[in-house]
Amino acid sequence: MTDLITVEDVRVSYGEVAALRGISAHVDDGEIVGVIGPNGAGKTTLVETISGFHDYEGRVAYRDREVAGHHPADLVADGLVHCAESRDLFGHLSVEDNLELGAYRHHDGVEDRLAFVYDLFPVLEERADQNARTMSGGEQQMLAIGRALMGDPDVLLLDEPTLGLAPVILGDISDGLDEIRDAGVTVLLAEQNVTFTMNHADRVYLLENGKVEREGDPKTLRGDEYIRTAYLGE
Ligand SMILES: Nc1ncnc2c1ncn2[C@@H]1O[C@H](COP(=O)(O)OP(=O)(O)OP(=O)(O)O)[C@@H](O)[C@H]1O
Ligand SMILES: [Mg+2]
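Note that this is a predicted model, so its numbers are computed, not measured. (Residues numbered from 1 in each chain as written. Chains lettered and ligands numbered in written order. Predicted model: local features only at pLDDT ≥ 70, side-chain atom pairs only at ≥ 80, totals over all residues. Heavy atoms only, no water.)

K.L.:
Quick one: what's the story with the nonpolar core, residue by residue and with numbers?
P.N.:
Of all hydrophobic cores here, the largest spans 45 residues; its most connected members are L99, L124, I145, L156, L158, I180 and V187. Judged by nonpolar contacts, the second largest core, of 27 residues, contains L46, Y56, V155 and L157. (Core = buried A, V, L, I, M, F, W, Y, C linked by side-chain atoms within 4.5 Å. Buried < 20%, exposed > 50% of the residue type's maximum accessible area, 1.4 Å probe, protein only.)

Structure representation (structure tokens):
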């Protein structure tokens, strides 16, 4: 396997606040890699740093190229697509317009990708003309993921896709993630939902206070006493 994303001893601060305090991690081609951790652990900062949104110390590389110095939009054009925690939809535009805007860097194959997204989340096709802001929270999350997929990602950075979602919608997102992997997309999944992450990821990093506290495959981590008590409530 080849590293698509390499993170080595990365430090990111917001003024006086050290958000990432020496993080090393990697994502290989075809993997789903989970990043778990409590509020403020640094998950979003890590994902945003990989997407080119923050100055950092250390090394962050996508396809062996240093991320620093590249505009986030160039990384998107190169297949690294970020689906933000805030979803960032265009509320006054329709579902379909939002999806089409996701393809702004990749005009080839738009129809095929739209068909893929509608197949993945049929509610988006049923609501194609509805304003994005009037969609439910779960529907908006599907739309945000769908829009990211319209960018034709090789790597999808997914930040908190299950945040605030009811279990039934969680199942839809879960099925969607399986299909996204089957389509050959590599995924970095930042999540507070440890069970969801463990069910999907090949490998997981636990962040606490800007550092990697544990890493391993879900089976190993499920057997870890600290993870069991602090994160799985056992
Ligand atoms: N724009 C900012 N200005 C100052 N501090 C920030 C900013 N964004 C994040 N931080 C701080 O950086 C740390 C890491 O935050 P981050 O959002 O990366 O955590 P997170 O793991 O994604 O948390 P959550 O689970 O709540 O989304 C926190 O202490 C947070 O307060
Ligand atoms: Mg976050």
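After presenting the structure, the write-up continues.
K.L.:
Could you give an account of unusual backbone geometry, with specific residues and numbers?
P.N.:
We note that R63 has phi near 50°; this positive angle belongs to a residue other than glycine. Tracing the backbone through its elements, the reader meets R63 in the loop between β4 (57-62) and β5 (65-66). (Helix = DSSP H or I, 4+ residues; strand = E, 2+ residues; numbered from the N terminus.)

K.L.:
Residue-level account of the packing of helix α4 (residues 110-120) against helix α7 (residues 167-182), with values.
P.N.:
Relative orientation of the contacting elements α4 and α7 amounts to 145°, with a least axis distance of 10 Å. Facing α4, whose interface residues are F116, D119 and L120, α7 presents G176, E179 and I180. Along the lines of polarity and charge, the residues of the contact of α4 with α7 split into 3 nonpolar, 1 polar and 2 charged. (Axes fitted to C-alpha atoms, helices over the stretch in contact; angles between N-to-C directions. Contact = heavy atoms within 4.5 Å. Nonpolar A, V, L, I, M, F, W, Y, C, P; charged D, E, K, R; others polar.)

K.L.:
Give a description of the site of ligand 1 that names residues and reports values.
P.N.:
With respect to spatial proximity, 13 residues lie near ligand 1, and among them N39, G40, K43, T44 and T45 are the closest. One nitrogen or oxygen atom from the side chain of E85 is found 3.0 Å from an oxygen atom belonging to ligand 1. E160 places a polar side-chain atom, nitrogen or oxygen, 3.5 Å from an oxygen atom of ligand 1. Notes on ligand 1: free accessible area 640 Å², of which the protein chains cover 62%. Take the shell around ligand 1: its biggest share by element is 3 residues, from helix α1 (residues 43-50). Among the residues making up the shell around ligand 1, the classes are represented as 4 nonpolar, 6 polar and 3 charged. (Near = heavy atom within 4 Å. Polar contact = N/O pair within 3.5 Å; in protein donor to acceptor, adjacent residues only side chain to side chain. Areas by Shrake-Rupley, 256 points an atom, 1.4 Å probe, with all protein chains shown as cover.)

K.L.:
Account for the coordination of the magnesium ion (ligand 2), naming residues and giving values.
P.N.:
Any two of four tetrahedral donors ideally make an angle of 109.5 degrees at the metal, while pairs among six octahedral donors ideally make 90 or 180 degrees. Taken together, T44 (OG1) and E85 (OE) make up the full set of protein donors to the magnesium ion (ligand 2), lying 1.9 to 2.6 Å away. With a gap of 41 residues between them, T44 in helix α1 and E85 in the loop between β6 (80-83) and α3 (95-102) connect regions that are remote in the sequence. In this structure T44 comes out as partly exposed when scored by relative accessible area, which is 22%. (Donors = N, O, S within 2.8 Å, 3.2 Å for Na, K, Ca; no water.)

K.L.:
I'd love a proper account of the packing of α3 against helix α6 (residues 137-150), names of residues and values included.
P.N.:
Where α3 meets α6, the closest approach of the two axes is 6 Å, and the angle between their N-to-C directions is 35°. Where α3 crosses over α6, the handedness of that crossing is right-handed. Facing α3, whose interface residues are V95, N98, L99 and G102, α6 presents L143, G146, R147 and M150. Here the contact of α3 with α6 is built from residues that sort into 4 nonpolar, 3 polar and 1 charged. (Left-handed = near helix turned anticlockwise from the far one by under 90°.)

K.L.:
Which residues make up the packing of aromatic side chains, and what values do they have?
P.N.:
One pass over the structure, following the stated rule, counts 1 aromatic pair. Here the aromatic rings of Y226 and Y231 are separated by 6.2 Å at their centres, their planes lie at 80°, and the arrangement is edge-to-face. In this structure Y226 comes out as partly exposed when scored by relative accessible area, which is 30%. (Phe/Tyr/Trp six-rings, centres within 6.5 Å; stacked < 30°, edge-to-face > 60°.)

K.L.:
Got a sec to walk through the layout of surface pockets? Specific residues and values, please.
P.N.:
The volume enclosed by the largest pocket comes to roughly 510 Å³. What lines the largest pocket is a set of 21 residues, among which V76, V81, H82, Y104 and R147 lie closest to the centre. Among the secondary structure elements, those contributing two or more residues to the lining of the largest pocket are α2 (72-77), β6, α3 and α6. No other element matches β6, which puts 4 residues into the lining of the largest pocket. Partitioning the lining of the largest pocket into residue classes produces 13 nonpolar, 5 polar and 3 charged. (1 Å grid on protein atoms, 1.4 Å probe; cavity = no way out; pocket = protein on both sides within 12 Å on 5 of 7 lines; lining within 4 Å. Points joined across faces, edges and corners; volume = space filled by probe spheres on them.)

K.L.:
Outline the sheet that holds strand β10 (residues 211-216), supporting the account with residue identities and numerical values.
P.N.:
Through backbone hydrogen bonds, the strands of a sheet pair up, either in parallel or in antiparallel fashion. Reading across from one edge, β6-β7-β8-β3-β9-β10 is the order of the 6 strands in this open sheet, with mixed pairing throughout. Both edges of this open sheet fall to β6 and β10, since each of them pairs with a single strand only. Averaged over all pairs of adjacent strands, the angle between strand axes in this sheet comes to 15°, irrespective of strand direction. Where strand β3 (residues 32-36) and strand β8 (residues 186-191) come together, 5 bridges link them in parallel fashion. Counterpart to I32 in the pairing with β8 is V187. The strands that α1 touches are β3, β6, β7 (155-159), β8 and β9 (203-208); relative to β8, the one it contacts most, it runs at about 150°. (Pairing = 2+ DSSP bridges.)

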